[in-house]
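Each chain, written out:
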Amino acid sequence: MRELIFLDTETTGNEPKTDRLCQVCYEVGGKLRTEYFKPPVPISVKAMSITHITNKMVENAEVFSQSEMKRELEGLLKEGVLVAHTAAFDIAMLKNEGLEVPRHICTLRVARYLDSENKIPEYNLQFLRYFLDLEVAGNAHDAEGDVNVLKALFGRLFNKVRESCGSDEEAIGKMIEISSTPSIFRVMPFGKHKGRLLEDVVKTDRSYLEWLLGQKQDGEEDEEDWIYTLKHYLNQGAST
């Protein structure tokens, strides 16, 4: 079975196209490694308020592009499987630094896929930590703490997937497959239809979903899952 690389990044902001890494933490084979880096763009005040990583803290830190960690990660990613929560964002951050990710598991997509009865109201990492009562150490929004939560969440999801697979390797393959396909939201998490099933919303307020699709397509953030979801229900509604 391929080696699993549990990874979390802290960044200068939330825009994949322009923001960069300022902390990277990963665990492979039980060995945890974490480092701070000086990014080529300033850390935003918003990011500092969440991560508590300031520009002063990293002004004398090494640049990631010249680091031993980058060289080590490059080799690990070629052969292993990246495990991350909202993996598309971490992958984008790594690509900004010239690293490719051939295989990955997104614990957010796997959690949403397994929640067929819509019992989980939110899927962010720290919410899942407490909703699923995961026993882990570490603080929220610190890369090292988030990796500890990530490992615990992965273990819970892996055991669930493994129940329907013939082997550990097949379970990993299934999780990679799920992670490589946009996931579908089932319940509207915000707005005037918050809490309603999207399959019902498209029947009563199709124009709202059409408007929302336009907003997601025109936005700067990566909204692949939302765009996929809205097209799915709009196409489904058109055929009924």
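Here goes a summary of the coordinates provided. Owing to the predicted nature of the structure, the values given are computational and were not obtained by experimental measurement.

Calculation rules
Every chain is numbered on its own, with residues counted from 1 as its sequence reads. Given that this is a predicted model, residues contribute local features only at a pLDDT of at least 70 and side-chain atom pairs are listed and counted only at 80 or more, while totals for whole chains, interfaces and linings are drawn from all residues. Hydrogens and water molecules were not included; the side-chain quantities draw on all heavy atoms of the structure. Here a helix means four or more residues in a row that DSSP labels H or I, a strand means two or more in a row labelled E, and each is numbered from the N terminus. The reference for a compact globule is 2.2 Å times residues^0.38; the radius of gyration itself is calculated from the C-alpha atoms. Buried residues are those whose accessible area, probed at 1.4 Å on protein chains only, stays under 20% of the maximum for their type, while exposed residues exceed 50% and partly exposed ones sit between those limits. Residue burial considers only the protein chains on display, and all accessible areas are found by Shrake-Rupley using a 1.4 Å probe. Using only the protein atoms, space was sampled on a 1 Å grid; points where a 1.4 Å probe fits but cannot get out form cavities, open sets with protein on both sides within 12 Å along at least five of seven lines form pockets, and lining residues are those with an atom within 4 Å of a point. Grid points are joined across faces, edges and corners, and a volume is the space filled by probe spheres set on the points. The classification used treats Ala, Val, Leu, Ile, Met, Phe, Trp, Tyr, Cys and Pro as nonpolar, Asp, Glu, Lys and Arg as charged, and all other residues, Gly among them, as polar. Every helix has an expected span of 1.5 Å times one less than the residues it contains. Any two residues whose heavy atoms approach within 4.5 Å at even a single point are treated as in contact.

As a further point, take the overall build of the protein chain. Tallying secondary structure elements over the protein chain gives eleven helices and five strands in all. Rg of the C-alpha trace for the protein chain: 19 Å, near the compact-globule value of 18 Å for 240 residues, within the 12% margin. If one aligns the C-alpha atoms of the protein chain with their principal axes, the spans along those axes are about 60 × 45 × 30 Å. Here the protein chain holds 240 residues, and 46% of them are scored as buried. For the protein chain, the computed accessible surface area is about 12,600 Å², with 48% contributed by carbon and sulfur atoms.

The next thing to look at is the layout of surface pockets. Computed from the structure, the second largest pocket encloses a volume of approximately 290 Å³. Taken together, Ala111, Leu114, Asp115, Ser116, Glu117, Lys119, Ile120, Leu132, Arg156, Leu157 and Lys160 form the lining of the second largest pocket. Elements with a minimum of two residues in the lining of the second largest pocket: helix H5 (107–114) and helix H7 (143–162). If one sorts the elements of the lining of the second largest pocket by residue count, H7 sits on top with three residues. Split into classes, the residues belonging to the lining of the second largest pocket amount to five nonpolar, one polar and five charged.

This next bit is on H7. For H7, built from 20 residues, the straight-helix expectation of 28 Å at 1.5 Å per residue is met to within 8% by its first-to-last C-alpha distance of 27 Å. Among the residues of H7, those classed as buried are Ala143, Gly145, Asp146, Val147, Val149, Leu150, Leu153, Phe154, Leu157, Phe158 and Val161.

Before going further, it helps to spend a moment on the environment of Glu100. Structurally, Glu100 can be placed in the loop between helix H4 (87–96) and strand S5 (104–106). Once the C-alpha coordinates of Glu100 and Glu74 are considered, the two residues, 26 residues apart in sequence, prove to be 7.6 Å apart. Once you skip the residues sitting within four places of it in the chain, Glu100 turns out to touch Leu77 and Lys95.

Turning to unusual backbone geometry, a few remarks are in order. Despite not being glycine, His52 has its phi angle at roughly 65°, a positive value. Secondary-structure assignment places His52 in the loop between helix H1 (45–51) and helix H2 (55–58). With a phi close to 55°, Asn118 is a non-glycine residue in the positive phi region. Relative accessible area serves as the criterion here: at 29%, Asn118 is assigned to the partly exposed category.

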